[in-house]
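Understanding the architecture of this molecule
Each chain, written out:
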Amino acid sequence: MNGKRRQRHLRAALGHPRPRAPRIRPGAPPGTLAPTESARPGRVSVMSFTRSRLEEHAAVSIDEALDHVGAGAVSWIDIDGVGDARIFARLGERLGLHPLALEDVLTVVHRPKVERYEKHLFIVMRMVRLAPADAGLAPGPPEVRDEQVSLFLGPDWLVTVQEGTADAFDGVREAIRHARGRTREAGPDHLAYLVLDAVVDAYFPVLDALAERMQELEEAAIAAPTEETLVGLQRLRHDLLALRRAVWPMREEVTVLQREDTPLVTAETRVFLRDVYDHAIQALELLESLRETSVAVMEVYLSMQNQRLNGVMKVLTVISTVFIPLTFIASIYGMNFAYMPELRHPAAYPAVLGFMGLVAAGMVLYFKRRGWW
Amino acid sequence: MNGKRRQRHLRAALGHPRPRAPRIRPGAPPGTLAPTESARPGRVSVMSFTRSRLEEHAAVSIDEALDHVGAGAVSWIDIDGVGDARIFARLGERLGLHPLALEDVLTVVHRPKVERYEKHLFIVMRMVRLAPADAGLAPGPPEVRDEQVSLFLGPDWLVTVQEGTADAFDGVREAIRHARGRTREAGPDHLAYLVLDAVVDAYFPVLDALAERMQELEEAAIAAPTEETLVGLQRLRHDLLALRRAVWPMREEVTVLQREDTPLVTAETRVFLRDVYDHAIQALELLESLRETSVAVMEVYLSMQNQRLNGVMKVLTVISTVFIPLTFIASIYGMNFAYMPELRHPAAYPAVLGFMGLVAAGMVLYFKRRGWW
Amino acid sequence: MNGKRRQRHLRAALGHPRPRAPRIRPGAPPGTLAPTESARPGRVSVMSFTRSRLEEHAAVSIDEALDHVGAGAVSWIDIDGVGDARIFARLGERLGLHPLALEDVLTVVHRPKVERYEKHLFIVMRMVRLAPADAGLAPGPPEVRDEQVSLFLGPDWLVTVQEGTADAFDGVREAIRHARGRTREAGPDHLAYLVLDAVVDAYFPVLDALAERMQELEEAAIAAPTEETLVGLQRLRHDLLALRRAVWPMREEVTVLQREDTPLVTAETRVFLRDVYDHAIQALELLESLRETSVAVMEVYLSMQNQRLNGVMKVLTVISTVFIPLTFIASIYGMNFAYMPELRHPAAYPAVLGFMGLVAAGMVLYFKRRGWW
Amino acid sequence: MNGKRRQRHLRAALGHPRPRAPRIRPGAPPGTLAPTESARPGRVSVMSFTRSRLEEHAAVSIDEALDHVGAGAVSWIDIDGVGDARIFARLGERLGLHPLALEDVLTVVHRPKVERYEKHLFIVMRMVRLAPADAGLAPGPPEVRDEQVSLFLGPDWLVTVQEGTADAFDGVREAIRHARGRTREAGPDHLAYLVLDAVVDAYFPVLDALAERMQELEEAAIAAPTEETLVGLQRLRHDLLALRRAVWPMREEVTVLQREDTPLVTAETRVFLRDVYDHAIQALELLESLRETSVAVMEVYLSMQNQRLNGVMKVLTVISTVFIPLTFIASIYGMNFAYMPELRHPAAYPAVLGFMGLVAAGMVLYFKRRGWW
Amino acid sequence: MNGKRRQRHLRAALGHPRPRAPRIRPGAPPGTLAPTESARPGRVSVMSFTRSRLEEHAAVSIDEALDHVGAGAVSWIDIDGVGDARIFARLGERLGLHPLALEDVLTVVHRPKVERYEKHLFIVMRMVRLAPADAGLAPGPPEVRDEQVSLFLGPDWLVTVQEGTADAFDGVREAIRHARGRTREAGPDHLAYLVLDAVVDAYFPVLDALAERMQELEEAAIAAPTEETLVGLQRLRHDLLALRRAVWPMREEVTVLQREDTPLVTAETRVFLRDVYDHAIQALELLESLRETSVAVMEVYLSMQNQRLNGVMKVLTVISTVFIPLTFIASIYGMNFAYMPELRHPAAYPAVLGFMGLVAAGMVLYFKRRGWW
């Protein structure tokens, strides 16, 4: 592989540890709604339900969706993609969403947080999922991608905004459709809890995949440490760091939700949030274990690689060490002294050859006995 | 050993650092009772006692067990195995257990915690024990296994659920049978304390075994560092990490129990809980010491192994270094110059041999004196 | 490169990790206003605005600027350069600024902090920017420079003092000129918020540049580790440490501003400050990730460099190892024994040469198969 | 040294890092008084004093000792050895000591703590002292031994229990006998303070000895790193870890004593306890410094040892490198070409020898100049 | 350098990391005033001033000094040297100083702290300064020395006690003499603030010198790593640890002074103490940066040294590797086969020599191209 290609290959294999800045227009006044260039335009869907009734519409306009809000039902507006600023301007106007919160929704690299505004709660989370690695360059393991999920929780409505390409809330929708558990009886705060729960539960398959990779790397580090192991380990570390940045704030986030003195979250939902908190902590502890393990595996890798290399050197050196004395013996009988009586003896040559054999065998035996070969 | 077998061997020898996810049905609404496939069906036993009377029944149906609850006695229902969802549905119905708590019981990889519900306290702990290693693959040290123990504490009943295959509460049962200490006089909270105490006390034999392994590895690291030492050290680290995940939350757990403003725990039992807290802290400190020691032992291992390898190289190099000048001398007298007067002298050959001997002896002496050989 | 030049080159390439002391006159009583020698004399500009009116004057005298304060408008005095102590004496007199605060302004290496005085708030921040590296010596990446920005916030005025050579508040001025958002309606506390926001947002391009450098160093560490990589890594670490000293206190700073019970900051502005807090935290988390990555990259560098060097040694040793047995064979037939029958055979010479070729080929094959060459 | 003996030697030289479990009867109900097998039977002594009067009796029965309690004097019962359970049963009965506290006294591996019971305070501390190393096996430095000291503090009595073989409170007894300071005027809480003070002050000679060992190991690591240095360093680390487990809880212990709202400790004694707190903190900080130093010394050891080994290899390689070209020259003139005119020249042989000498001298000079030899 | 001298040299070059114990008379009752043997006898000076009047006397007896206390003026008694216990006994008597505080003054290795007694505040600090290294042994950098400074603050007097040989408060005295700032108007608490400020400001030149040393060591580590670099680094680490033990407690110390609810410190002085707090924090942050840098520099040192050594080995090995094949070729034509036709060809010898030259040139070129030489 030549230099340039190797560089490109490495860049892909290592993953993308580069942080993205949260604000892209330095100097612009806060509260301006300008979507990221590359963002998909929003796809709006709406669910509106009471205990007995359920209306569901996909791919509607934002105004159609907003028409369902109110009227005694719980309304859930889900927006898939943050590329269309008008949708959010309209939302802000109708539901009284704070401009700073809306700006955070469009800035898709935000840190998870809960913020209480006058008329609504605003929650930012990071959804984590595994995506197949870019085919052309790095044939490595699936990449960890994190995408922003934003929630606005009002008195009888919930707005969710997903940056991601894949819809993550199918399970929640199914639960509403089949009226599982308390989903249809409780208010929008219970719905928000279900969404939070889905986000947190999505950490575990990712953690599991990372743990699987860690185990493979650990075995490779002991059994056959190569440069690929090192690159894989570095990439895993990047993934763990990225994941931690996503998961870590979830802990305080859920705590804030449980403690915040707001009428928007009922006491009953707070009991359920305790469960989410619990899972977030568990995800964090697994993450920390993995991070500690990664340090240990790095040590093992370094040790084993050193050992392998030294092992090779040892064998090579043993070979030289066996032949050097033999060559010395031979060179003695290559000397041109006039009086070397043994040179004339007919048995001398085979005797010397035999002696050489003995010396070689002795050395080999000695080296084997000491475990050097 | 070939590649595949070696991989399998390693996987076994390293232990199972892979975390298990707490929820197995992503998307399913919380509160659904679905036991893990591989779980054993529950075996129910019940003890019901007052100061003067004691009834004990093993292997009864859950309804028979529930019949003992109430009627002025303290009842302890112990369920061994979490494979039968109906048992827990029935329990929840009769004793008013919260669905989220019941779900946590069935999800057998939960983080230790205490949760207060309206009618009962719910406690999850992780019981730790040593199990003989899987015979076929890794002939290594016994494995550390942790199993979930759940407690429901009500006004006059205690329900314990054990995931594990081995019954861990025989000591507690004996104490009740012989009415040792305050066991028969106090309420179910004292019984819960005894169970907690048994769980925490079970950490010490495991810690002791790990410390024993650590000491052996440390001695091996200094005396004879091999690849097995490294694998053993990695496995020990996995075990320590797993143990910490089990023990760490116990600390806050007991603190919560002591502080929680609930009528279910009497002031007297709180004094006893202080003792359990104390033991948990002590277990944690031992654990931390072991973790620090493991880092130091790794360093020692790396250092000693490096030293051994370099030592071998040194000896080999010394051998070569002794023979190379000798060979040079011999090669001088192997030159074919017409006028090399010493070649004709009869004593030249033995003289050169003697000189070679002197050179060799000189070098060996010099190397020995500098401690290089 | 000779020794002296190399030393100078290194000093430049490593960056300037040396801390500067905050007070330069040991023994002098606190509260004395003595500017640093090398500081630029101050350039004063003033903006005074209400919702409907805007006056702006650049390069005025401090007395002219102070004439705009009061009279129902919000006044912003910006002083560029801290070399002229009279400006600050005059400011202190007219606006009642505390001598200790003024002294801190002139001491341009202060730690970020917020201090509440009777009549005003005093805020110190560190503005961070990238400056092209010193051309003559180190052709390396742009340097991270941090400069002090001080704020005095009064009831209807804001004084900002910049140490730096480049004006950092053009964006804020533009926002005032075009009356963007709430800039012209709100009081001086909103203006202070905009300045804080500009300072915090300026961290992200710098972090981005450092992350870019980190990625390049990581790739270099794996693909081609050289001494330059090491020096670059050390320099990056110096930059990260310096940046952390600047960013870390911002967190508590904004918290203090949000919590401080002062009439100078309105409730509305506190909501906006939450946004600044958020960005500061995010900057810190990125910084910590970079620091952890720098440790990992160092490990990778050390490992790869070791591997490279050992790889070279291995190849060299393999070459010697192939030739040493061959030389031994040759030296056998260089022996001068009288009875070495094979010497006389016409085919012996080519046979021996062939045998040597076979031995060499066998060794090379063996080494190749084991991956040693 | 052969394998077995070496193992045993190592085990002794490394110290005893193995933790001891706090409870030895798993399953037994808490509150049972069963002394450790190996414990010495208790030796009871009693001091009873007022400002003017002093009674002192050594080696009395526990009942005789208890007869002195009360009657307007301050009584101090000291029990040396925890092997006799009846003593403690009797004490508990007469002075109302809590069974859990008594159990902790007999379990001689307890973590330091302060517990408030209804009628008394219970304090566990770990006394630290240096004991000469086991003569037969490891001729190393004195061992750090920690022994349990328990205190019961009542309204007019103090009971101290020492596990240790050496009496540690002679200084306190002397102070009482000579009525030094406030010892005879103040109550039993002042006496308890003196005991605490004696325990904490005993840490400093041990820390000093460890610091001395650290300094010796650091010098050895730089001047002459051997395997003994490594073993010594490991042992020092074990000692530091053990010491920290003993000292660390002392800090909170004294804090609790100062803050605890109990009539048993007077305000005046609390002032004195601040002094003990201070010393405990100082001991901890020294300990932490030593721990950090131990990490640095390990690094130095690894570096120096590597350097030494590489240095040896370098010299050996230099020797070979000088002779290999010389041998090549000689082997050229050992070739049997028919037409090698220089072979016939009478001056050729000395000329070649001279040339060889020049080459050798040149190489040696070159290597010396570059600092390789 | 021989062994003994080298050991002594090392001990000096490494600095004195050994901690000194705070109490030197184990067993003695607290509150006994016994000065350290080596301490200088105290030199007493006194300043007594009001806004308009100033009296100053140096080298007076303690009783003369005490005569100035009271009478409406602020009195500052400075005692230089702690060797004379009578001075302190007298002070304690007249000003009501607590025996424990006085004992701490004489014990010159105390941890910085603030203690509030009934009639006065007691403050211990550690003054840090650079002293030229001991000439005879280690020609190294100046040593960091820390000396104890104790303060007693009463209603109208301040007593300062300096252990050190050099007077550190000249600046403060000058400020009083010239009535700079508020020094003559404010009370003894402002005076105490000036003393604290002088102590904290004295950290910065020391930190600056250490940073300078760190930079030199870093450059040495990259450009020319030798054993001296390692020893220098170790010494710097000892200095940093010692400095941290001195600076770290200052932070809480100033916080306590600011918060402590005592009439001895006025609200105005508390504002000034905030400034001292700030500087203490800044000193700590610089210290932490230096500590992190020291770890990085150690890594760089290890890496560079390894690289240098390996580089030497590489060159040596390259030399051998070039000559070994040449020697093989020569040894071929040294074989004594009867039928080696090329031996007879007149051009054979120069041809072989030429071939050898080609082989050597080819190898050198190849090695150069791969950067191995």
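What you see is a predicted model; the values in this text were computed from it and never measured.

1. Overview of the overall build of chain A
Helix and strand counts for chain A stand at 10 helices and seven strands. Here the contacts in chain A between residues at least 6 apart in sequence split such that 71% fall between residues at least 24 apart.

2. Points about the nonpolar core
The biggest cluster of nonpolar side chains holds 454 residues, and the ones touching the most others in it are Val195 of chain A, Val195 of chain B, Val195 of chain C, Val195 of chain D together with Val195 of chain E. Sorting elements by how many residues they give to this core places helix α9 (residues 267–332) of chain A first, with 16 residues. Not counting the four nearest positions on each side in its chain, Val195 of chain E is found in contact with Leu151, Thr160, Phe169 and Val172 of chain E. Core analysis: the second largest hydrophobic core is formed by 97 residues, Leu316 of chain B, Leu326 of chain C, Phe328 of chain D together with Leu309 of chain E among them.

3. What to know about the relation of the copies chain E and chain D
Each copy of the chain is related to the other by a rotation around an axis and a translation along that axis. At an RMSD of 0.1 Å, chain E and chain D line up after a rotation of 72° and a shift of 0.0 Å along the axis. Here the transformation between the copies is reduced to the relation of a five-fold axis. Distance from the rotation axis, computed per C-alpha, reaches its smallest value in chain E at Gly334 of chain E: 4.6 Å. Comparing contact sets, just 14% of the residues at the interface of chain E also lie at the interface in chain D, consistent with a heterologous contact between different surfaces.

4. Observations concerning the interface of chain E and chain D
Taken together, the contacts link 49 residues of chain E with 58 residues of chain D. Looking at the side of chain E that touches chain D, the elements with two or more residues in it are α1 (3–13), β4 (113–116), α8 (227–259), α9 (267–332) and α10 (348–369) of chain E. If one sorts the elements of the side of chain E that touches chain D by residue count, α9 of chain E sits on top with 15 residues. Within the side of chain E that touches chain D, the residues separate by chemical class into 29 nonpolar, 10 polar and 10 charged.

5. Things to note about the packing of helix α7 (residues 203–223) of chain D against helix α9 (residues 267–332) of chain D
Residue and element names in this part refer to chain D. At a minimum axis distance of 9 Å, the contact between α7 and α9 shows a crossing angle of 15°. Looking at the two axes, α7 sits roughly parallel to α9. As α7 runs across α9, the sense of the crossing is left-handed. For the pair formed by α7 and α9, the contact residues are Tyr203, Phe204, Leu207, Leu210, Ala211, Met214, Leu217, Glu218, Ala221 and Ile222 on the first element and Ala283, Leu286, Leu287, Leu290, Thr293, Ser294, Val297, Val300, Tyr301 and Met304 on the second. Classifying every residue of the contact of α7 with α9 gives 17 nonpolar, two polar and one charged.

6. What to know about the domain arrangement of chain A
When its domains are assigned, chain A resolves into domain 1 (33–304) and domain 2 (312–369). Computed over C-alpha atoms, the centres of domain 1 of chain A and domain 2 of chain A are 74 Å apart.

7. Some words on the confidence of the model for chain A
Residue and element names in this part refer to chain A. Confidence in the prediction for chain A averages 83 pLDDT; 86% of positions are at 70 or higher. Throughout residues 16–27 the model reports pLDDT below 50, and contacts reaching past four residues in sequence, or to other chains, amount to 32 contacts. Overall fold confidence (pTM) sits at 0.78, and the ipTM for the predicted complex is 0.72.

8. Concerning the interface of chain C and chain E
With 50 residues of chain C in contact, the opposing surface of chain E contributes 59 residues. Where the side of chain C that touches chain E is concerned, the elements lending two or more residues are α1 (3–13), β4 (113–116), α8 (227–259), α9 (267–332) and α10 (348–369) of chain C. For the side of chain C that touches chain E, the leading source of residues is α9 of chain C, giving 15 residues. Tallied by class, residues from the side of chain C that touches chain E come to 30 nonpolar, 10 polar and 10 charged.

9. Some details on unusual backbone geometry
All names here are of chain A. One non-glycine residue, Ala59, lies in the positive phi region at around 50°. With respect to the helices and strands, Ala59 occurs in strand β2 (residues 54–60). The class of Ala59 is exposed, set by 9 C-beta atoms lying within 10 Å.

10. What about the sheet that holds strand β4 (residues 113–116) of chain A?
Residues and elements named next belong to chain A. Read across the sheet, seven strands follow the order β2-β1-β3-β7-β6-β5-β4 without closing on themselves; strand pairing throughout is mixed. The sheet is open, and its two edges are formed by β2 and β4, each paired on a single side. Looking at each pair of strands side by side, their axes are set apart by 15° on average, direction ignored. Where strand β1 (residues 43–49) and β2 come together, five bridges link them in antiparallel fashion. For Val44, the partnering residue across the bridge sits in β2 and is Val60.

11. Section: the environment of Asp197 of chain B
Structurally, Asp197 of chain B can be placed in helix α6 (residues 188–201). Using a count of 22 C-beta atoms within 10 Å as the deciding quantity, one classes Asp197 of chain B as buried.

12. Looking at the sheet that holds strand β6 (residues 143–153) of chain B
The strands making up a sheet associate through hydrogen bonds between their backbones, and the pairing can be parallel or antiparallel. Residue and element names in this part refer to chain B. Strand order in this open sheet of seven strands is β2-β1-β3-β7-β6-β5-β4, and the pairing throughout is mixed. Each having just a single partner strand, β2 (54–60) and β4 (113–116) make up the two edges of the open sheet. Between one strand axis and the next, the sheet turns by 15° as a mean value, whatever way the strands run.

13. Observations concerning α6 of chain B
Residues separated by three or four positions in an α-helix point in the same direction, a consequence of the helix having 3.6 residues per turn. Over its 14 residues, α6 of chain B extends 20 Å from the first C-alpha to the last, a length consistent with the 20 Å expected when each residue adds 1.5 Å. Counting buried positions along α6 of chain B gives 14 out of 14 residues, so the element sits mostly inside the fold.

14. Let's talk about the pairing of strand β7 (residues 157–162) of chain D
All names here are of chain D. Counting buried residues in β7 gives six out of six residues, a clear majority hidden from the surface. Neither face of β7 is exposed, since Trp157, Val159 and Val161 on one face and Leu158, Thr160 and Gln162 on the opposite face are all buried. The sheet contact formed by strand β3 (residues 74–80) and β7 spans six bridges and is parallel. Within the sheet, the bridge partner assigned to Asp78 lies in β7 and is Thr160. Sheet analysis places strand β6 (residues 143–153) next to β7, joined by five bridges and oriented antiparallel. Paired with Ser150 across the two strands is Val161, which belongs to β7.

The rules we used
- Residues numbered from 1 in each chain as written.
- Chains lettered and ligands numbered in written order.
- Predicted model: local features only at pLDDT ≥ 70, side-chain atom pairs only at ≥ 80, totals over all residues.
- Helix = DSSP H or I, 4+ residues; strand = E, 2+ residues; numbered from the N terminus.
- Contact = placed C-beta atoms within 7 Å.
- Core = buried A, V, L, I, M, F, W, Y, C linked by C-beta atoms within 7 Å.
- Buried ≥ 20, exposed ≤ 12 C-beta atoms within 10 Å, placed from the backbone.
- Least-squares fit on C-alpha atoms with pLDDT ≥ 70 in both.
- Nonpolar A, V, L, I, M, F, W, Y, C, P; charged D, E, K, R; others polar.
- Axes fitted to C-alpha atoms, helices over the stretch in contact; angles between N-to-C directions.
- Parallel < 35°, antiparallel > 145°, perpendicular 65-115°, else oblique.
- Left-handed = near helix turned anticlockwise from the far one by under 90°.
- Domains from an automatic or database assignment.
- pLDDT = per-residue confidence, 0-100.
- Pairing = 2+ DSSP bridges.
- Expected span 1.5 Å × (residues − 1).

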